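Now for the letters of each chain:
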Amino acid sequence: QVQLVESGGGLVQAGGSLRLSCAASGSFVRINTMGWYRQAPGKPRDLVATITSGGSTNYEDSVKGRFTISRDNAKNTVYLQMNSLKPEDTAVYYCNANLVQRRFSSSYSSAYWGQGTQVTVSS
């Protein structure tokens, strides 16, 4: 089975930086788009940033210019560098990966989620 393991969350002061990592392991043919989502209490889970297998990126407006998503395909790992953090960034951050697996002679695409990591930004 596929597992996404996140790390790098924690407590940081406003204006500080944090780097999240998410490594995929298990049985799969390839990873297509990877991304980061976040969810605050009482709020829906929102997309933060995505990156395709070719390196194309997309960001939610509030994090543009502050966050950078990247990936290391050889390590099956996606990163989120968060700079100039604000209290509004406080949330549980979830890693997501859309990947291709093989079942007998067929291939299929599935989405997997990390366990979530808490990011708290104090003022």
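Residues numbered from 1 in each chain as written. Predicted model: local features only at pLDDT ≥ 70, side-chain atom pairs only at ≥ 80, totals over all residues. Heavy atoms only, no water.

Draft legend 1. Representation of unusual backbone geometry within the structure. One non-glycine residue, Asn76, lies in the positive phi region at around 50°. Within the secondary structure, Asn76 sits in the loop between strand 7 (67-72) and strand 8 (77-82). Of note in the backbone geometry, Ser84 takes a positive phi value of approximately 50° without being a glycine. Relative to the helices and strands, Ser84 is located in the loop between strand 8 and strand 9 (91-103). Taking relative accessible area as the criterion, Ser84 reaches 40% and is therefore assigned partly exposed. (Helix = DSSP H or I, 4+ residues; strand = E, 2+ residues; numbered from the N terminus. Buried < 20%, exposed > 50% of the residue type's maximum accessible area, 1.4 Å probe, protein only.)

Draft legend 2. Region of interest: the state of the cysteines. Within this structure, the stated rule accounts for one disulfide. Two residues share a disulfide in this structure: Cys22 and Cys95, whose sulfurs sit 2.1 Å from each other. Measuring handedness by torsion sign, the sulfur bridge of Cys22 and Cys95 sits at about -85° and is left-handed. Here Cys95 lies in strand 9 and Cys22 lies in strand 3 (residues 18-25), a separation of 73 residues in the sequence. (Disulfide = S-S within 2.5 Å.)

Draft legend 3. Here's a closer look at the sheet that holds strand 8. Spatially, four strands are ordered 1-3-8-7 in an open sheet, and the strand pairing comes out antiparallel. A strand with exactly one partner marks an edge of an open sheet, and here the two such strands are strand 1 (3-7) and strand 7. Sheet twist, expressed as the average angle between the axes of neighbouring strands with direction ignored, equals 15°. Summarising the sheet, strand 1 and strand 3 pair through five bridges and their orientation is antiparallel. Considered in strand 3, the bridge of Leu4 is made with Ala24. (Pairing = 2+ DSSP bridges. Axes fitted to C-alpha atoms, helices over the stretch in contact; angles between N-to-C directions.)

Draft legend 4. Here's a closer look at the environment of Tyr93. By the element assignment, Tyr93 lies in strand 9. Residues Tyr93 and Leu18, spaced 75 residues apart in sequence, show a C-alpha to C-alpha distance of 12 Å. Filtering out sequence-adjacent residues up to four positions away, Tyr93 remains in contact with Glu6, Leu20, Trp36, Tyr37, Arg38, Val48, Phe67, Leu80, Met82, Gly116, Thr117 and Val119. Reaching out from Tyr93, the side chain makes a polar contact with the side chain of Arg38 at a distance of 2.8 Å. At a separation of 2.7 Å, a polar atom in the side chain of Tyr93 contacts the main-chain carbonyl oxygen of Asp89. (Contact = heavy atoms within 4.5 Å. Polar contact = N/O pair within 3.5 Å; in protein donor to acceptor, adjacent residues only side chain to side chain.)

Draft legend 5. Region of the structure containing the nonpolar core. Among the nonpolar cores identified, the biggest contains 30 residues, and Trp36, Leu80, Met82 and Tyr93 are the most heavily contacted of them. Counting only elements with at least two residues in this core, the list comes to strand 3, strand 4 (30-39), strand 5 (46-51), strand 7, strand 8, strand 9 and strand 11 (117-122). For this core, the element with the most residues is strand 9, which contributes five residues. (Core = buried A, V, L, I, M, F, W, Y, C linked by side-chain atoms within 4.5 Å.)

Draft legend 6. Layout of the environment of Leu85. Within the secondary structure, Leu85 is located in the loop between strand 8 and strand 9. Overall, Leu85 belongs to the buried group, its relative accessible area being 2%. Distance in space between the C-alpha atoms of Leu85 and Phe67 is 8.8 Å, their sequence separation being 18 residues. Those residues within four positions of Leu85 in sequence are excluded, and the remaining contacts are Val12, Ala14, Gly15, Gly16, Ser17, Leu18, Arg66, Phe67 and Val121.

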